[in-house]
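Summary of structural features
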Amino acid sequence: MKILIVDDSLINLKVEQKMLEKLNCRVETALSGEECLEKVKENTYDLIFMDIMMPNMDGVETFKKLQLLENFNTPVVTLTADVENDAKERYLKIGFNDYLSKPASMEQLKQVLKNYES
C-alpha cells in the first residue's frame, strides 16, 4: 500500500512513517498542505493521513483543495491532536473517510489499513 502522510512536524512524520513501514507500506511524506497538493498531482496514493492543525493551509483546507483535483478519489484519514468530543463527527461530516487521534497505535493503523485495502 502506498501512503502519503501530511504533517508539519518532522518528528511526527518520522514516527508515523516508521510505524507504517513496519506494516509493509511504502510511505511518502509532506510537511505542508502545499507540498501535499504537489505530491498528489504527481503521484498516486492508496491512502492519505492528514494532520489538521498546520500553518498556512490547515488539513481541512488541504482536503477541500484535494477534492477539487480531477480524478481525485484517494481516501483521506485525519491523524490529528484534535480530540474534542465532537472532533470525529465533525471531520467525517466534512468528508474525511476516517478519523484517528494522535498518537495512533499500531493496532489503530492496522485497522485503518485493513479498511482501505483494495
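Refer to the structure printed above.
Residues numbered from 1 in each chain as written. Predicted model: local features only at pLDDT ≥ 70, side-chain atom pairs only at ≥ 80, totals over all residues. Heavy atoms only, no water.

This brings us to unusual backbone geometry. The step from Lys-102 to Pro-103 runs through a cis peptide bond, and the omega angle for that step is -10 degrees. Along the polypeptide, Pro-103 turns up in the loop between strand S5 (98-101) and helix H5 (106-116). Despite not being glycine, Asn-24 has its phi angle at roughly 65 degrees, a positive value. We classify Asn-24 as exposed; its relative accessible area is 67%. One non-glycine residue, Asn-56, lies in the positive phi region at around 65 degrees. For Asn-56, the position within the fold is in the loop between strand S3 (47-50) and helix H3 (59-67). (Helix = DSSP H or I, 4+ residues; strand = E, 2+ residues; numbered from the N terminus. Buried < 20%, exposed > 50% of the residue type's maximum accessible area, 1.4 Å probe, protein only.)

Our next topic: the nonpolar core. Ile-48, Met-50 and Leu-66 are the most contacted members of the largest nonpolar core, which has 21 residues in total. Those elements that provide at least two residues to this core are strand S1 (2-6), helix H2 (33-42), S3, H3 and helix H4 (87-94). Discounting residues that sit within four places of it in the chain, Met-50 has contacts with Val-6, Cys-36, Gly-59, Thr-62, Phe-63, Leu-66, Val-76, Val-77, Thr-78, Leu-79 and Phe-96. Core analysis: the second largest hydrophobic core is formed by 18 residues, Ile-3, Leu-20, Leu-23 and Val-27 among them. (Core = buried A, V, L, I, M, F, W, Y, C linked by side-chain atoms within 4.5 Å. Contact = heavy atoms within 4.5 Å.)

This next bit is on the pairing of S3. Across the two faces of S3 the burial is the same, with Leu-47 and Phe-49 and Ile-48 and Met-50 all buried. Note: S1 against S3, 4 bridges, orientation parallel. Residue pairing for S3: Ile-5 is matched across the bridge by Phe-49. Direction of pairing for S3 relative to strand S4 (residues 76-80): parallel, over a ladder of 3 bridges. For Ile-48, the partnering residue across the bridge sits in S4 and is Val-76. Taken together, S3, H3 and S4 constitute a β-α-β crossover, and its handedness is right-handed. (Pairing = 2+ DSSP bridges. Right-handed = clockwise from strand over helix to strand, strands pointing away.)

In this model helix H1 (residues 10-22) runs 18 Å from its N-terminal to its C-terminal C-alpha over 13 residues, within 8% of the 18 Å that 1.5 Å per residue would give. Three or more residues of H1 are buried, namely Leu-13, Glu-16, Gln-17, Met-19 and Leu-20. Projection of H1 onto a plane perpendicular to its axis shows the buried side chains occupying an angular sector of 165 degrees, all on one side. When the buried face of H1 is taken as reference, the exposed residues oriented beyond 90 degrees from it are Leu-10, Ile-11, Lys-18 and Lys-22. Next to the buried residues of H1 lie S1, strand S2 (26-30), S3, S4 and H5. (Expected span 1.5 Å × (residues − 1). Arc of directions from axis to C-beta.)

The quantities given are spatial measurements derived from coordinates; they are silent on function.
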